[in-house]
Amino acid sequence: MVPARSDTRSAELYRRALPVLPGGVNSPVRAMRAIGREPVFVARGRGAELIDVDGNRYLDYVCSWGPLIHGHAHPLVLEAIARAASHGTSFGAPTAGEVELAKEVARRMDAVQMLRMTSSGTEATMTALRLARAATGRELVLKFEGAYHGHVDGLLAQAGSGLATQALPASPGVPASTTALTVLVPWNDEQALRAACAEHELAAILAEPLPANMGLVAPAPGFLELLREQADANGALLVLDEVISGFRVARGGAQERGGVSADLTILGKILGGGLPAAALGGRRELLERLAPAGEVYQAGTLSGNPLAVAAGLATLSLLDEDAYGRLAASTERLARGLREAARAGGRPVSVASVPGLLTVFFAARPVRDFAGARACDTDAYGAWCRELLARGVYPPASQFEAWFPSLAHTEEQIERTLAVAAEAFAALDDTHAPAASGGRRRHERA
Ligand SMILES: Cc1ncc(COP(=O)(O)O)c(C=O)c1O
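Residues numbered from 1 in each chain as written. Predicted model: local features only at pLDDT ≥ 70, side-chain atom pairs only at ≥ 80, totals over all residues. Heavy atoms only, no water.

Draft legend 1. Looking closely at the overall build of the chain. Within the chain, the secondary structure is distributed over 14 helices and 15 strands. Computed over the C-alpha atoms, the radius of gyration of the chain is 21 Å, within 12% of the 22 Å expected from 2.2 N^0.38 for a compact globule of 446 residues. Judged by the C-alpha coordinates and their principal axes, the chain covers about 65 × 60 × 45 Å. Looking at the chain alone, contacts between residues at least 24 apart form 73% of all its contacts between residues at least 6 apart. (Helix = DSSP H or I, 4+ residues; strand = E, 2+ residues; numbered from the N terminus. Rg over C-alpha atoms; globule rule 2.2 N^0.38 Å. Contact = heavy atoms within 4.5 Å.)

What follows is the structure in structure tokens.
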């Protein structure tokens, strides 16, 4: 029996939100529509736990979609924010913390000699594209299907039909003239990548080195090296978006893990320790083209905000080799346990994982690309998530997202999660019997 949980206050807040916030939320995936339910309104978080406005407690595997690698309200991070706030919240002038943070990132990432901070990953991506276009004198940017780099017009692109190489807008309001500058290639498709690079003069090859926005779909062996090789041969810059993977999958992010170095690196999430901060990093001669050192314009009122910088520095200070070892071990335990629970429940499920990230795909075989992710039984994923939430586990409310286990998740909490996951698999009724073809729900971005 699942203990009954009240959601009266969340339901009431949702009703009040709908007339004043589009869809009742400030970012789409929070509405939980992709898993067929209403949103949970959160009151507070502590460690790995989230407590909603009705007093229900959840083990949180979203952790603000990645920034909270130490869980909620870590005392050292709170103390750093409070100390910074006591000196003033924003100056619109440089501070010592920004220099310290840039140096810390450079110590961790060989590819980053300099940083320009922004308030969101979207802005950092925009800056990366502008800089790549300025540096190469070219306009086309290659990106991969199913990758997300923020809500930048030209990157909200979908493949056209037939042999068209110019991408089409993936959202109303995106001008076709902007997506026409985007070349879309299926992830892990070596031939398509080679063909696109042979056909186009590119400003940049843009990729998430560990794509986590179609669920986690790791690069096939050699694919990251191929990106580097093709970028060099083409005369394009390699831009790696480590907004999710940066400081999470290893001290130096996916580039350290994969042994490939980018020309430009996009960072966010953990960089701001739960406050709004992101950055574009890279080689000095490229970054020095940004204003006022160079001619490429870029600016931001709250860029390098002292509270966000303090939270980021405190967060990074706790991320040593021991922390990465613990995160790898707990993610591995979670992934293995979820596979076993699915098997015991008779569910054909494929769990992709790397340290700090995992996705439960409702598919019998590992997912290699966006087409594979879309073919999964997302209705069954939604039903499973509803069962998890009813039992106090808070998963990403879309299969096209990753789970974000944190360093705050204890062994006991992970074992409890696995017990709940097994119950949730068992509770899936015949309506969610393994489907011959799933994927009926629309891919709704965070
Ligand atoms: C890989 C990646 N890049 C960029 C972004 C955009 O970052 P932001 O939401 O801070 O604009 C996201 C957001 O989830 C992301 O996952």
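Draft legend 2. Expanded view of the site of the ligand. Close to the ligand lie 13 residues, the nearest being G121, T122, N213, D241 and K269. At 2.8 Å from an oxygen atom of the ligand is found a main-chain nitrogen or oxygen belonging to G121. One of the side-chain N or O atoms of D241 is found 2.6 Å from a nitrogen atom in the ligand. Considering only residue class, the shell around the ligand consists of three nonpolar, six polar and four charged. (Near = heavy atom within 4 Å. Polar contact = N/O pair within 3.5 Å; in protein donor to acceptor, adjacent residues only side chain to side chain. Nonpolar A, V, L, I, M, F, W, Y, C, P; charged D, E, K, R; others polar.)

Draft legend 3. Region of interest: the packing of helix α6 (residues 190-199) against helix α7 (residues 223-234). Following both chains from N to C, one finds α6 and α7 inclined at 10°, their axes separated by 10 Å at the closest point. As the angle between them shows, α6 and α7 are arranged roughly parallel. Only F223, L226, L227, E229, Q230 and N234 of α7 make contact with α6, whose side of the interface consists of E190, L193, R194 and C197. The class makeup of the residues in the contact of α6 with α7 is five nonpolar, two polar and three charged. (Axes fitted to C-alpha atoms, helices over the stretch in contact; angles between N-to-C directions. Parallel < 35°, antiparallel > 145°, perpendicular 65-115°, else oblique.)

Draft legend 4. Spotlight on the sheet that holds strand β10 (residues 237-241). Strand order in this open sheet of seven strands is β4-β12-β11-β10-β9-β5-β8, and the pairing throughout is mixed. In the strand order of this sheet, the two ends are held by β4 (114-118) and β8 (182-185), each with one partner. Pairs of neighbouring strands in the sheet enclose a mean axial angle of 20°, with direction left out of account. As judged from the three bridges shared by β10 and strand β11 (residues 264-267), these two strands associate in the parallel manner. When the bridges of β11 are listed, L240 appears paired with T265. Most of the contacts of helix α4 (residues 121-136) go to β11, to which it runs at about 170°, and overall it touches β4, β5 (140-144), β9 (202-207), β10, β11 and β12 (278-282). (Pairing = 2+ DSSP bridges.)

Draft legend 5. Seen up close, the sheet that holds strand β3 (residues 57-60). Overall, mixed pairing links the four strands, which are arranged β1-β2-β3-β15 in an open sheet. Of all the strands in the sheet, the pair left with one neighbour each is β1 (42-46) and β15 (393-394). Along the sheet face, helix α14 (residues 411-427) touches β2 (49-52), β3 and β15 and points at about 105° away from the line of β3.

Draft legend 6. Spotlight on the pattern of salt bridges. Considering all chains together, one arrives at 16 salt bridges under this definition. Here E79 and R83 are joined by a salt bridge, their closest N and O atoms 3.3 Å apart. Taken together, the positions of E79 and R83, both in helix α2 (residues 75-86) and four residues apart, correspond to about one turn of that helix. A relative accessible area of 47% means that R83 is categorised as partly exposed. We note a salt bridge from E104 to R107, for which the minimum N-O separation is 2.9 Å. One end of the pair is E104 and the other is R107, both in helix α3 (residues 96-108) and three residues apart, which spans about a single turn. (Salt bridge = Lys/Arg side-chain N within 4 Å of Asp/Glu carboxyl O. Buried < 20%, exposed > 50% of the residue type's maximum accessible area, 1.4 Å probe, protein only.)

Draft legend 7. Region of the structure containing the packing of aromatic side chains. A full pass over the atoms with the stated rule returns twelve aromatic pairs. Here F362 and W384 contribute two aromatic rings whose centre-to-centre distance is 5.7 Å and whose plane-to-plane angle is 55°, an arrangement assigned as tilted. Here F362, found in the loop between β14 (357-361) and α12 (370-374), pairs with W384, found in helix α13 (residues 378-390); they are 22 residues apart in sequence, far enough to count as distant. Both residues of the pair, F362 and W384, count as buried. Ring geometry for W384 and W403: centres 5.9 Å apart, planes at 35°, overall tilted. Of this pair, W384 sits in helix α13 while W403 sits in the loop between β15 and α14, and the two are 19 residues apart along the sequence. Like W403, W384 is buried. An aromatic cluster is defined as three or more aromatic residues linked by ring pairs; in this entry it consists of Y61, F362, Y381, W384, W403 and F425. (Phe/Tyr/Trp six-rings, centres within 6.5 Å; stacked < 30°, edge-to-face > 60°.)

Draft legend 8. Main features of the side chain of E49. Checked against the element boundaries, E49 lands in strand β2. Here E49 falls in the buried class, since its relative accessible area comes to 18%. Side-chain polar atoms of E49 contact the side chain of R57, separated by 3.1 Å. Beyond its immediate chain neighbours, meaning those up to four positions away, E49 contacts R44, R57, Y58, L59, H72 and Q413.

Draft legend 9. A look at a negative patch on the surface. A grouping of D110, E256, D320 and E321 is seen on the molecular surface, where their side chains present a negatively charged patch. Positionally, D110 belongs in the loop between α3 and β4. (Patch = residues over 30% accessible without salt bridge, like charges linked within 9 Å, V, L, I, M, F, W, Y side chains within 5 Å. Areas by Shrake-Rupley, 256 points an atom, 1.4 Å probe, with all protein chains shown as cover. Lys, Arg positive; Asp, Glu negative; His and termini not counted. Charge placed at Lys NZ, Arg CZ, Asp CG, Glu CD.)

Draft legend 10. Looking closely at the state of the cysteines. Summed over the entire model, instances satisfying the criterion amount to zero disulfides. The thiol of C376 is unpaired, and the distance to the nearest cysteine sulfur, on C385, comes to 13 Å. Taking the relative accessible area as the measure of exposure, C376 reaches 1% and is therefore buried. Residue classification places C385 among the buried positions, given a relative accessible area of 0%. (Disulfide = S-S within 2.5 Å.)

Draft legend 11. Representation of the layout of surface pockets in the model. The volume enclosed by the second largest pocket comes to roughly 420 Å³. Looking at the second largest pocket, it is lined by 21 residues, and the ones nearest its centre are E98, R116, M117, S303 and G304. Elements that contribute at least two residues to the lining of the second largest pocket include exactly α3 and β4. Residues that form the lining of the second largest pocket fall into these classes: ten nonpolar, nine polar and two charged. (1 Å grid on protein atoms, 1.4 Å probe; cavity = no way out; pocket = protein on both sides within 12 Å on 5 of 7 lines; lining within 4 Å. Points joined across faces, edges and corners; volume = space filled by probe spheres on them.)

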